[in-house]
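If you want the building blocks of each chain, they are given just below.
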Amino acid sequence: MQYLITHFSEFQLACLGSFFIHESVFFLSGLPYIFLERAGWFSKHKIQLKNNSPAAQEKCITRLILYHFGVNLPVMLVSYPVFKHMGMKISLPLPSWRVVLTQILFYFILEDFIFYWGHRILHTKWLYKHVHSVHHEYATPFGLTSEYAHPAEILFLGFATIIGPAITGPHLSTLWLWMVLRVLETVEVHSGYHFPWSLSNFLPLYGGSDFHDYHHRLLYTKSGNYSSTFTYMDWIFGTDKGYRKLKALKSDEDEHSSKKM
């Protein structure tokens, strides 16, 4: 961190540095799922049998580059004065792990709460037709589709991601860590694969790819599973009933099949 502080200005690190980290983590974590789908590797762990065409994948990448430079980067530039005003720090020393852990946990909980309600609103008839349907062009999601959305949605739901750091004014390193974790999480839940090592198999209340993939497969009025990270909001408000019913039926079928064997 000392090297970065010495060689780059606060503005360059907070804006351009954040954009570079976001792009690097997003594409490096998301592109492998395209190759997995094309090669047919790990197909037994793929949630849906359907594959996206190379043309559809390339369209997604092209649009993403446009959105990232046309929407994400300007938002980072405009957000900088807000974070600065709220006390964001770049200088040493780095915050303690307790502070970082507390802030990151707060960001996840707050983001999930705001995202849930924002996402439900986007599934109302008019907003779905004119805004959110762009994201649902891919009924079979893959990692990079996580950020494929209408510019208005990018701004609308992006607010859920930046509001926590904007409130607390964290150290830039904490902001970067939050951004990396959030990107990895949203890429994973849109991956289209559910592996034995997937985090949802070990972390209670974490939705994961199986939970969100269900959301993409159904019509907008019946989708449910609106949360971004956790499952408790959908459980509390009953918007995961269809998903839980499907899982129960699948469990019964698996149990019945094992008894036959």
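Residues numbered from 1 in each chain as written. Predicted model: local features only at pLDDT ≥ 70, side-chain atom pairs only at ≥ 80, totals over all residues. Heavy atoms only, no water.

An unreviewed UniProt entry lists the chain under the name Fatty acid hydroxylase domain-containing protein, from Linum tenue. In UniProt, the chain has this text filed under Subcellular location (unreviewed entry): "Membrane". (UniProt positions renumbered as here; feature names shortened; annotations may be inferred.)

Let us now look at the packing of helix α2 (residues 10-39) against helix α7 (residues 172-189). Their axes nearest at 10 Å, the elements α2 and α7 cross at an angle of 25 degrees. Here α2 is positioned roughly parallel relative to α7, judged by the angle of their axes. Handedness of the crossing formed by α2 with α7: right-handed. Two secondary-structure elements touch here, α2 through Leu13, Ala14, Gly17, Ser18, Ile21, His22, Val25, Phe26, Ser29, Gly30 and Tyr33 and α7 through Leu172, Trp176, Met179, Val180, Val183, Leu184 and Val187. Residue composition of the contact of α2 with α7, by class: 13 nonpolar, five polar and no charged. (Axes fitted to C-alpha atoms, helices over the stretch in contact; angles between N-to-C directions. Helix = DSSP H or I, 4+ residues; strand = E, 2+ residues; numbered from the N terminus. Parallel < 35°, antiparallel > 145°, perpendicular 65-115°, else oblique. Left-handed = near helix turned anticlockwise from the far one by under 90°. Contact = heavy atoms within 4.5 Å. Nonpolar A, V, L, I, M, F, W, Y, C, P; charged D, E, K, R; others polar.)

As a further point, take the pattern of salt bridges. Oppositely charged side chains can pair when the atoms bearing their charge come close. Scanning all chains against the criterion turns up nine salt bridges. Glu10 serves as the salt-bridge partner of Lys84, at 2.5 Å between the closest nitrogen and oxygen. Taken together, the residues Lys84 in helix α3 (residues 54-85) and Glu10 in helix α2 connect sequence positions 74 residues apart. Lys84 sits in the partly exposed class, given a relative accessible area of 41%. Between Arg217 and Asp213 there is a salt bridge, and its shortest N-O distance comes to 2.9 Å. Taken together, the positions of Arg217 and Asp213, both in helix α8 (residues 208-217) and four residues apart, correspond to about one turn of that helix. (Salt bridge = Lys/Arg side-chain N within 4 Å of Asp/Glu carboxyl O. Buried < 20%, exposed > 50% of the residue type's maximum accessible area, 1.4 Å probe, protein only.)

Residues given the UniProt feature "transmembrane region" (unreviewed entry) here are residues 16-36, 64-83 and 95-117. The straight-line gap between the two end C-alpha atoms of residues 16-36 is 31 Å; of that span, 100% is helix and 0% is strand. Regarding residues 64-83, the helix share stands at 100% and the strand share at 0%, and the terminal C-alpha atoms are separated by 25 Å.

To continue, consider empty space enclosed by the protein. Applying the stated rule across the entire model yields one cavity of 30 Å³ or more. If you trace the largest cavity, you find it lined by Val189, Gly207, Gly208, Phe211, His212, Ser227, Ser228, Thr229 and Phe230. In terms of residue count, α8 provides more of the lining of the largest cavity than any other element does, three residues in total. Its residues assigned to classes, the lining of the largest cavity comprises three nonpolar, six polar and no charged. (1 Å grid on protein atoms, 1.4 Å probe; cavity = no way out; pocket = protein on both sides within 12 Å on 5 of 7 lines; lining within 4 Å. Points joined across faces, edges and corners; volume = space filled by probe spheres on them.)

To continue, consider the environment of Val187. The topology assignment puts Val187 in helix α7. A sequence separation of 162 residues divides Val187 from Val25, and the C-alpha atoms of the two residues are 9.8 Å apart. Once residues lying within four places of it in the same chain are set aside, the contact partners of Val187 are Phe26, Ser29, Gly30, Tyr33, Gly143 and Ser146.

Moving on: a nonpolar patch on the surface. On the surface, a nonpolar cluster with roughly 550 Å² of combined accessible area is contributed by Phe113, Trp117, Trp235, Ile236 and Phe237. Only α4 (97-122) and α9 (232-236) provide two or more residues apiece to the nonpolar patch. By the secondary structure assignment, Trp235 is in helix α9. Judged by relative accessible area, which is 57%, Trp235 ranks as exposed. (Patch = residues over 30% accessible without salt bridge, like charges linked within 9 Å, V, L, I, M, F, W, Y side chains within 5 Å. Areas by Shrake-Rupley, 256 points an atom, 1.4 Å probe, with all protein chains shown as cover.)

Membership of the largest hydrophobic core comes to 44 residues, with the highest contact counts inside it found for Phe26, Cys60, Leu64, Met88, Leu144 and Leu172. Breaking this core down by element, the ones donating at least two residues are α2, α3, α4, α6 (151-168) and α7. The dominant element in this core, judged by the number of residues it contributes, is α2, at 11 residues. Once residues within four sequence positions are removed from consideration, Cys60 is found in contact with Tyr138, Phe142, Leu144, Thr145 and Tyr148. Counting residues in each nonpolar core, the second largest holds five residues, with Phe115, Leu122, Val131 and Leu157 among its members. (Core = buried A, V, L, I, M, F, W, Y, C linked by side-chain atoms within 4.5 Å.)

Attention shifts here to unusual backbone geometry. Across the junction of Leu92 and Pro93, the peptide omega takes the value 5 degrees, indicating a cis bond. Here Pro93 shows up in the loop between α3 and α4. We note that Asn225 has phi near 50 degrees; this positive angle belongs to a residue other than glycine. The class for Asn225 is buried, based on a relative accessible area of 0%.

The full count for this structure, using the stated rule, is 22 aromatic pairs. Between Phe211 and Tyr243, the ring centres sit 5.1 Å apart and the planes meet at 80 degrees, which makes this aromatic pair edge-to-face. Taken together, the residues span a long stretch of sequence, with Phe211 in helix α8 and Tyr243 in helix α10 (residues 241-260) at a distance of 32 residues. Taking relative accessible area as the criterion, Phe211 reaches 4% and is therefore assigned buried. Looking at Arg182, its charged tip hangs above the ring of Phe115, at a distance of 5.9 Å from the centre. (Phe/Tyr/Trp six-rings, centres within 6.5 Å; stacked < 30°, edge-to-face > 60°. Lys NZ or Arg CZ within 6 Å of the ring centre and 35° of its normal.)

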